[in-house]
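Below, each chain spelled out in residue letters.
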Amino acid sequence: MTDRNEAEPSAEPYVATTTQDTGIRAPDQPDGRRPLTGNMIIQAVTEGHSVVITILAVFVALVIGAVLIVASDPAVLRAWDSFGYAPGTALSATWNSVAAAYSALFEGAIFAPGTISAAFHGGSIAAIFYPLSLTAFEATPLILTGLSVALAFRAGMFNIGAAGQWIGGALVATWLGYAVNLPIVLHAVVCIIGAFIGGAVIGWIVGEIKARTGAHEVILTIMMNYVMYNFLSFLVTSQKLMQAPGQTNAVAPNINSNAFLPHVGGPPPQVGVGFLIALAAAAATAWLLSRSTLGFQFRAVGASPSAARSAGISVERVWVLAFLIAGGLAGLSASTIVQGQTSPLTTTSYGTYGFDGITVALLGRARPLGVVLAGLLFGALNAGGTVMEAATGVPSDVTNVIEALIVLFVAAPPLIRMLFRLRRGGGAGPQAVASKGWSG
């Protein structure tokens, strides 16, 4: 059986000095590793370490986004019509348009410098942190659905069903929210646990069918999504089931105030307990994958099901458990939305969280820390895109294009290598992780 350390090379900035042919460690380093040096950093950049590839992917996506911003600005296009005799005007208009758009994007997602000076003149201090709060609010469900997809990826499976699992968690959390009366803290906790169980059940169904019949999980999860879409619609359009009393629209009753997750600094959209749940779930997932026996089994099956089976691991059991936990994480994503805002559950509440989780997991290279960072990046683009559109008139769809381009370039490192003339690494070093692929 392949050694555990060989099955999953560390992403830490160290280079193994073990001789691959003999297995003998360097005599001067008992752990077989040596610290990061300047030459190694240069090597990581020139040979395209995974972090370098991701940074360059974001840069290229922002450059292409700038082209789209210019193309959508009529004033800039008119200035370019006179480029032949007034090139300075065209270039100045282009710079001003792009700078204004990206400044508004930054201020809407990170912070607005004006709020700092206003705070020193009697303004609200909370206003300084509001953009970051909105970014965290937008990132919360993406982190959790991204973890759901990433965990299945590490077990060698594609979880396309996070949307259906999200609905499963949302239904249970909503029902517990309005049909049960409990004290304020206990009620919220019960709804969170119920959401995890609701999503886990949907994931378990997929895993069980795959384990018993060998059916491909992509087909199963896609079909389960449609089942849950229609099941949600059926429930919220029936007065005898989950439709709000006196309503003709497809909407569930409002949950009790005791079940809401508290927010920091005021009403939503604000960062709150949901974001802490997402961070805790990421930490728990990281521990599960890297420190537990079950996580090792997940990674072993993901690397080679046949080898894992030869080593005595029950591959079918791993499939079931991986989908059960992945479904529970998607259900937690639903709880942060259902319990984190005042609007009730409808047939469109699931939005694109499930499918966005796929892109977040891809950008995060199926690793919990990477998923958190990718979720925050997408949350920042979503939060800042709204402000950018309101301030400059640039369509917020530009941010969606930027997100798609980032994922495209991260998923296809040869494009970045070609654009920046990075040479391909061939040995054990920082480049080993990049050459492994995003799910390794």
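This structure is a prediction, so every number in the text was calculated from the model and none was measured.

Conventions we followed
Residues numbered from 1 in each chain as written. Predicted model: local features only at pLDDT ≥ 70, side-chain atom pairs only at ≥ 80, totals over all residues. Heavy atoms only, no water. Helix = DSSP H or I, 4+ residues; strand = E, 2+ residues; numbered from the N terminus. Buried < 20%, exposed > 50% of the residue type's maximum accessible area, 1.4 Å probe, protein only. Contact = heavy atoms within 4.5 Å. Phe/Tyr/Trp six-rings, centres within 6.5 Å; stacked < 30°, edge-to-face > 60°. Expected span 1.5 Å × (residues − 1). Bend = angle between axes of the 7 residues up to and from the residue. Salt bridge = Lys/Arg side-chain N within 4 Å of Asp/Glu carboxyl O. Patch = residues over 30% accessible without salt bridge, like charges linked within 9 Å, V, L, I, M, F, W, Y side chains within 5 Å. Areas by Shrake-Rupley, 256 points an atom, 1.4 Å probe, with all protein chains shown as cover.

## What to know about the overall build of the chain
- Looking only at helices and strands, the chain has 19 helices and two strands in total.
- Looking at the chain as a whole, 46% of its 440 residues qualify as buried.
- Relative to all contacts within the chain whose residues are 6 or more apart in sequence, the contacts with residues 24 or more apart total 70%.

## What about the packing of aromatic side chains?
- Applying the stated criterion to the full structure yields five aromatic pairs.
- When the ring of tryptophan 166 is compared with that of tyrosine 353, the centres are 5.7 Å apart and the planes differ by 25 degrees; the resulting orientation is stacked. Residue tryptophan 166 is found in helix α8 (residues 162-179), and its partner tyrosine 353 is found in helix α15 (residues 353-363); the two are separated by 187 residues along the sequence.
- Relative accessible area serves as the criterion here: at 1%, tryptophan 166 is assigned to the buried category.

## Quick word on helix α7 (residues 126-154)
- With 29 residues, α7 extends 40 Å between its outermost C-alpha atoms, agreeing within 8% with the 42 Å of an ideal straight helix rising 1.5 Å per residue.
- The largest bend in α7 amounts to roughly 35 degrees and is located at alanine 139, with the proline proline 141 lying one to four residues further along.
- Buried residues dominate α7, accounting for 23 of its 29 residues.

## So, the pattern of salt bridges
- Inspection of every chain in the model, using the stated rule, returns three salt bridges.
- Among the salt bridges present, the one from arginine 212 reaches glutamate 208, with a minimum N-O distance of 2.6 Å. Here the residue arginine 212 and the residue glutamate 208 both occupy positions in helix α9 (residues 184-213), the gap between them amounting to four residues, near one helical turn.
- By relative accessible area, which is 67% here, arginine 212 ends up exposed.

## Quick word on a nonpolar patch on the surface
- Taken together, the side chains of Phe59, Val63, Leu408, Leu415, Met418, Leu419 and Phe420 make up a nonpolar region of the molecular surface, amounting to roughly 650 Å² of accessible area.
- Going through the elements one at a time, α3 (50-71) and α18 (413-420) are the ones with two or more residues in the nonpolar patch.
- With four residues, α18 is the single largest residue contributor to the nonpolar patch.
- Looking at the secondary structure, you find leucine 408 in helix α17 (residues 397-411).
- Judged by its relative accessible area of 44%, leucine 408 is partly exposed.

Geometric values such as these leave the question of function open.
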